[in-house]
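# Coordinate inspection notes
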Amino acid sequence: MRSQGPLRACGALLDYKTVKFALTRNRRVGLLHRLLQLGVLGYVLGWVLLARKGYQDTDRAPRAAVVTKMKGAAVAEAVGKGRRLWDAADYARPPQGENVLFLVTNFIATAQQSQGTCPESPSVLDAVCTEDADCPVGNPVVHGNGIKTGKCVMFNTTHSTCEIYGWCPVENNTVPRKPLLAEAENFTLFIKNTVHFTKFNFSKCNALQTNDPTYFKSCTYDPFFNRSCPVFRVRDMVEAAGETFGDLALLGGSIGVRIEWDCDLDHPAAQCQPQYSFSLQDRRYNFRTASYYWDSQRRLYRNLLKLYGIRFDISVHGQAGKFSIIPAAVSFGTGIAFFGAATVVCDLVLLYLDAKADFYWKEKFEEAKPPKGKTEAAA
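Let us look at the structure shown here. Residue positions are given per chain, counting from 1 as you read along its sequence in written order. Two thresholds apply to this predicted model, a pLDDT of at least 70 for residue-level local features and 80 or more for giving and counting side-chain atom pairs, whereas whole-chain, interface and lining totals are computed over all residues. Water and hydrogen atoms play no part in the side-chain values, which are based on all heavy atoms of the structure.

## A look at the packing of helix H2 (residues 27-51) against helix H7 (residues 325-353)
Cut-off, in case you're wondering: Axis definition: a line fit to C-alpha positions, over the contact stretch in the case of helices; interaxial angles, taken between N-to-C directions, run 0 to 180 degrees. A run of H or I in DSSP counts as a helix once it spans at least four residues, and a run of E counts as a strand once it spans at least two, with each numbered from the N terminus. By the definition adopted for this analysis, an angle is roughly parallel if under 35 degrees, roughly antiparallel if over 145, roughly perpendicular if from 65 to 115, and oblique otherwise. When the near helix sits turned anticlockwise from the far one by under a right angle, the crossing is termed left-handed; a clockwise turn instead gives a right-handed crossing. Contacts are residue-level and defined by heavy atoms, with any inter-residue pair within 4.5 Å sufficient. Residues are grouped as follows: Ala, Val, Leu, Ile, Met, Phe, Trp, Tyr, Cys and Pro are nonpolar; Asp, Glu, Lys and Arg are charged; all remaining types, including Gly, are polar.
One can describe the packing of H2 onto H7 by two numbers: an axis separation of 9 Å at closest approach and a directional angle of 160 degrees. In terms of axis orientation, H2 runs roughly antiparallel to H7. Of the two possible hands of crossing, H2 and H7 adopt the one that is right-handed. On H7, the residues touching Val29, Leu32, His33, Leu36, Gln37, Val40, Leu41, Tyr43, Val44, Val48 and Leu49 of H2 are Ser331, Gly335, Phe338, Phe339, Ala342, Thr343, Val345, Cys346, Val349 and Leu350. Each residue belonging to the contact of H2 with H7 can be placed in one class, and the counts come to 16 nonpolar, 5 polar and no charged.

What follows is the structure, given as structure tokens:
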């Protein structure tokens, strides 16, 4: 008898369980089953296939190329510096931009600076002094314009500051009350963008393919009537970012330009069009630049400009999708699996939570035994 224990255990491993279908007249479980099936069907058809397009293979990492060009002209008149015409070579940095372009809208000019000694500006806290001991020789002025010479000198009738060795006179720091290049709001920015989805060998450009050389000189982008013209008015871009040009142009700022491509390659290529969005990234932006020259006595001078303006940061994102048998089969198989899960949930409710669970358990699970005569003959 003891030797039969291991044999029975081995025999249990070789048992085969087959599915038995039992029709139950339980309306609550039947309603639950249909609701789960409808939910799975809605998920598979609505979300997986229609919204997420689970039947498509996708490329989410396109190669992108961006070329920008700013156009427009303005006249600015700085105090004591006279009138000056600004064109694209002056206000666009770099002159031929790529993903980043800076547009000058305001500036502070300090003309004819030369290296020498002069009083530091009283707006620099480290430069204010009452005696020479406050200006240790050789120490740089923190956030200032040069190196202290050891002297405390008069800057004007009300302020005494440390004398420095640097570019003199020191930089002018009076910001104009209004942007000097206010006309820049009507400047236009041409953004040419080409994307290439390598997985599908598909390329698309955001500019209309035309042989008319005057088209891009006269068109302006409109999201409803002229989506194929990538020429944007600066004021429209600033307002789309939630700002007004006058406020942003005074002290500068940064605007993000996002180009989004969502291409369904199961449809004609003409329907693959970019979407543009603009967002404010920063409300202040400026930097300094200088032009150098020599006078007749070979003395070096420079004209210093502190430039305020709008920085445009252009980023390109996108994805392309096309029908493929593999993702379609995976999505279809996932839907079948979810339908099976609905049946499993209803079985659990029926066998463990229902008031007649014992009865359904006995009806669902049945051990099939061969007739005794055949068993004994086989033995």
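After presenting the structure, the write-up continues.
## Description of the pattern of salt bridges
Heads up, the condition is: Definition used for salt bridges: Asp or Glu carboxyl oxygen within 4 Å of a side-chain nitrogen of Lys or Arg. Partly exposed describes any residue whose relative accessible area lies between the buried limit of under 20% and the exposed limit of over 50%, with all areas from a 1.4 Å probe on protein chains only and scaled to the type maximum.
With the rule as written, the count across this model stands at 8 salt bridges. Of the charged contacts in the structure, one is a salt bridge between glutamate 171 and arginine 288, with a shortest N-O distance of 2.9 Å. Highlighted residues: glutamate 171 in the loop between strand E8 (160-168) and strand E9 (188-197) and arginine 288 in strand E14 (residues 286-294), separated in sequence by 117 residues. By relative accessible area, which is 15% here, glutamate 171 ends up buried. Looking at arginine 288, the relative accessible area reads 46%, which means it is partly exposed. With a closest N to O distance of 3.0 Å, glutamate 243 and arginine 283 form a salt bridge. Residue glutamate 243 is found in the loop between helix H5 (234-240) and helix H6 (245-251), and its partner arginine 283 is found in the loop between strand E13 (274-282) and E14; the two are separated by 40 residues along the sequence. You can call arginine 283 exposed: its relative accessible area is 54%.

## Some points on the packing of aromatic side chains
Counted only if it meets this: When the centres of two rings from Phe, Tyr and Trp lie within 6.5 Å, Trp using its six-membered ring, the rings pair. Their planes under 30 degrees apart give stacked, over 60 give edge-to-face, and anything left gives tilted.
Scanning the entire structure with this criterion turns up 13 aromatic pairs. Between phenylalanine 232 and phenylalanine 278, the ring centres sit 6.0 Å apart and the planes meet at 70 degrees, which makes this aromatic pair edge-to-face. Of this pair, phenylalanine 232 sits in strand E11 (residues 231-233) while phenylalanine 278 sits in strand E13, placing them 46 residues apart in sequence. For the pair phenylalanine 232 and phenylalanine 278, one class covers both residues: buried.

## So, the state of the cysteines
A covalent bond bridging the sulfur atoms of two cysteines is what the word disulfide describes. Our working rule: Note on terminology: disulfide denotes any pair of cysteine sulfur atoms within 2.5 Å.
Under the criterion given, the structure shown has 5 disulfides. Here cysteine 118 connects covalently by a disulfide to cysteine 168, the sulfurs 2.1 Å from one another. The sign of the S-S torsion, about -80 degrees, decides the handedness of the disulfide formed by cysteine 118 and cysteine 168: left-handed. Here cysteine 118, found in strand E6 (residues 100-119), pairs with cysteine 168, found in strand E8; they are 50 residues apart in sequence, far enough to count as distant. Here cysteine 118 falls in the buried class, since its relative accessible area comes to 10%. Classification of cysteine 168 by relative accessible area gives buried; the value is 10%. Two residues share a disulfide in this structure: cysteine 219 and cysteine 229, whose sulfurs sit 1.9 Å from each other.

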